[in-house]
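Residues per chain, in single letters:
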Amino acid sequence: MNKVAIIGGGAAGLMAAITALLSGAAVDLYEQNDRVGRKILASGNGRCNITNTNLSSSDYYGQYSYFTDYALSRLPFAEFKKFCLSIGLLLEIKEDGRCYPLSNEAKSVVLAFETYAKEIGVTFLTDAAVKGIEKIDGQFMITTAKSEKKYKKVLVATGSEAAPQLGGNGDGYIFAKHFGHTVETTYPSLVQLHIDSNFHHKMAGVKQFSQITLYLDGKPEEHIKGDILFTKYGISGFAVLDISQKAAAALTRHKDVSIGINLLPSFERQKLTAQILQLTEAVPSHPIAILLSGVIPSKTVPFVLETANVNPSAPSGKLGNKTIKKIVHTIQNWRFTISGTHGFRHAEVSGGGISTEQIDEKTMESKLVCGLYFAGEVLDIVGRRGGFNFHFAWASGHLAGKELAK
Ligand SMILES: Cc1cc2nc3c(=O)[nH]c(=O)nc-3n(C[C@H](O)[C@H](O)[C@H](O)COP(=O)(O)OP(=O)(O)OC[C@H]3O[C@@H](n4cnc5c(N)ncnc54)[C@H](O)[C@@H]3O)c2cc1C
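Just so it is clear, the model here is predicted, and its values are computed rather than measured.

1. What about the overall build of the chain?
When its secondary structure is counted, the chain shows 12 helices and 21 strands. Taken along its principal axes, the extent of the C-alpha atoms in the chain is 85 × 40 × 35 Å. Counting over 406 residues, the chain shows a buried share of 56%. Contacts in the chain between residues far apart in sequence, at least 24 positions, make up 72% of those at least 6 positions apart.

Okay, structure coming up:
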């Protein structure tokens, strides 16, 4: 029987282990943690946004995001749903095609995969961090602190450096480089952002439905609507996570990255100006800071006015159209420079990774080393928020699993 090793008991590794075993291989699954699936357990705020019903390569980034096409075509949503049923897991479709386990609990995903894999005979080697992979006489020698074993084929599914507290690390890149693979610069993604200002920390706790425009080298690149949360270090919230991929990728390319926050995206500029002018006519003696407190979150008011260079205690009726327009402009395009991300510890995923140029997209096999496979987030593929990252891990793990058994 074909004896194969899978390194990493995350989403890609678990899927590959089940698929390889069902296709006829004997499988050893190495996991450095004391249990498999720790990122799955922490995912989606403990609910696990396991996949999405609308999947295409346009939901992914990487040097060659179309690399995902084949894997997605072999494991589309309907097939994945069937697979989940076959291992005892029911799914529920929620907003925007996002899918969760029916239980709404991430632990049911890990339980289903783990129980099924053990039942069919996958050997789980936990607390078994792989230290090295060597190819000797056509076989792969896998070394841990306690053992050295030989295999015909090996899959590296060690994930990325995101969330080191859950086991995220760069081991897969070290293994890949050892065999001559190129690793594209990695960076935290789906992550909070740091902004350059001397006042954002004073607005910590303010949450506002906004529109963020991302500017790269001064040019608008993307608009995202959603919640934004000011924090001590910068900004968080779903809109920020969504924009973070392009922002972080651009920072690694040394671009000038900035954002414009529209605190009131449902208002047209002219309408908002007219409404504020109406207020200034109604209560002309009110200081502009008081008047604006009824328009935008009060903690933001002093800093919007500081940015617009307007005295907060000036009577609103004395300000004139030009100044009001300046205030409205600031409210609707409040510019901040992005100085960095909040780091891998807080990131859901990592951009960059093992270059897909050197991987066969139909088999996940290395084009450089026969019998060596890679799947999941260790590759230079990162998805949008919404279940896409898990789906690429399932789909690439599925492809690799089939090939391992051949
Ligand atoms: C907090 C959080 C929430 C998330 N929520 C979602 C979500 O809701 N939806 C979504 O689509 N994505 C989500 N993600 C992203 C998703 O978890 C990852 O994209 C996915 O887990 C990648 O799967 P993987 O198998 O490639 O890597 P991982 O799941 O990271 O698995 C890699 C495994 O390899 C092990 N390992 C590493 N090195 C070694 C070694 N040398 N020897 C042995 N074992 C090793 C690790 O311990 C780990 O268990 C979330 C991520 C985080 C951190």
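2. Brief notes about the packing of helix 10 (residues 301-308) against helix 11 (residues 320-332)
The description of two packed helices rests on the angle between their axes and on the distance between the axes. For the pair helix 10 and helix 11, interaxial distance at closest approach is 9 Å and the crossing angle is 120°. The handedness of the crossing between helix 10 and helix 11 is right-handed. Residue-level inspection shows Val304, Leu305, Thr307 and Ala308 of helix 10 in contact with helix 11, the latter providing Lys326, Ile327, Thr330 and Ile331. Grouping the amino acids of the contact of helix 10 with helix 11 by side-chain chemistry returns 5 nonpolar, 2 polar and 1 charged.

3. Digging into the packing of helix 1 (residues 11-22) against helix 12 (residues 388-404)
Running from amino to carboxyl end, helix 1 crosses helix 12 at an angle of 35°, the nearest separation of the two axes being 7 Å. Seen from above, helix 1 lies across helix 12 with right-handed handedness. Contacts between helix 1 and helix 12 involve Ala11, Ala12, Met15, Ala16, Thr19 and Ala20 on the former and, on the latter, Phe390, Ala393, Trp394, Gly397, His398, Gly401, Lys402 and Leu404. Per-class residue counts for the contact of helix 1 with helix 12 are 9 nonpolar, 4 polar and 1 charged.

4. A short note on unusual backbone geometry
You will see that Leu190, though not glycine, has its phi angle at about 50°, which is positive. Tracing the backbone through its elements, the reader meets Leu190 in the loop between strand 12 (183-189) and strand 13 (193-196). Looking at Leu190, the relative accessible area reads 3%, which means it is buried. Of note, the phi angle at His254 is positive, near 60°, even though the residue is not glycine. Here His254 falls in the exposed class, since its relative accessible area comes to 73%.

5. What about the nonpolar core?
The nonpolar side chains of a soluble globular protein tend to be buried, and buried together. Counting residues in hydrophobic clusters, the biggest one holds 78 residues, and the most contacted among them are Ile50, Ile133 and Trp394. In this structure, Val206, Leu214, Leu263 and Val304 belong to the second largest nonpolar core, which totals 45 residues.

6. Quick look at the site of the ligand
The full set close to the ligand counts 35 residues, and Ala12, Glu31, Asp171, Glu377 and Phe390 are the nearest of them. Between the ligand and Asn49, the relevant distance is 2.9 Å, taken from a nitrogen atom to a main-chain nitrogen or oxygen of the residue. Glu377 is positioned such that a nitrogen or oxygen atom in its side chain is 2.6 Å from an oxygen atom of the ligand. For the ligand, the accessible surface in isolation is 990 Å², of which the surrounding protein chains cover 94%. Elements with a minimum of two residues in the shell around the ligand: helix 1, helix 2 (38-42) and helix 12. Here the element with the most residues in the shell around the ligand is helix 12; it accounts for 4 residues. Looking at the shell around the ligand residue by residue, the classes come out as 15 nonpolar, 15 polar and 5 charged.

7. Regarding the sheet that holds strand 9 (residues 139-143)
What links the strands of a sheet is backbone hydrogen bonding, and the strands pair in either a parallel or an antiparallel sense. Pairing within the open sheet is antiparallel, and its 3 strands lie in the order 8-9-10. Because the sheet does not close on itself, it has two edges, and the strands there are strand 8 (132-136) and strand 10 (148-151). Averaged over all neighbouring strand pairs, the angle between strand axes comes to 25°, with direction disregarded. Taken together, the 5 bridges between strand 8 and strand 9 define a ladder with antiparallel strand orientation. Considered in strand 9, the bridge of Lys135 is made with Phe140.

8. Observations regarding a nonpolar patch on the surface
Taken together, the side chains of Leu85, Leu90 and Leu102 present a nonpolar region at the surface, about 300 Å² in accessible area. Position of Leu85 among the secondary structure elements: in helix 4 (residues 77-86). Judged by its relative accessible area of 55%, Leu85 is exposed.

Cut-offs applied
- Residues numbered from 1 in each chain as written.
- Predicted model: local features only at pLDDT ≥ 70, side-chain atom pairs only at ≥ 80, totals over all residues.
- Heavy atoms only, no water.
- Helix = DSSP H or I, 4+ residues; strand = E, 2+ residues; numbered from the N terminus.
- Buried < 20%, exposed > 50% of the residue type's maximum accessible area, 1.4 Å probe, protein only.
- Contact = heavy atoms within 4.5 Å.
- Axes fitted to C-alpha atoms, helices over the stretch in contact; angles between N-to-C directions.
- Left-handed = near helix turned anticlockwise from the far one by under 90°.
- Nonpolar A, V, L, I, M, F, W, Y, C, P; charged D, E, K, R; others polar.
- Core = buried A, V, L, I, M, F, W, Y, C linked by side-chain atoms within 4.5 Å.
- Near = heavy atom within 4 Å.
- Polar contact = N/O pair within 3.5 Å; in protein donor to acceptor, adjacent residues only side chain to side chain.
- Areas by Shrake-Rupley, 256 points an atom, 1.4 Å probe, with all protein chains shown as cover.
- Pairing = 2+ DSSP bridges.
- Patch = residues over 30% accessible without salt bridge, like charges linked within 9 Å, V, L, I, M, F, W, Y side chains within 5 Å.
- Salt bridge = Lys/Arg side-chain N within 4 Å of Asp/Glu carboxyl O.

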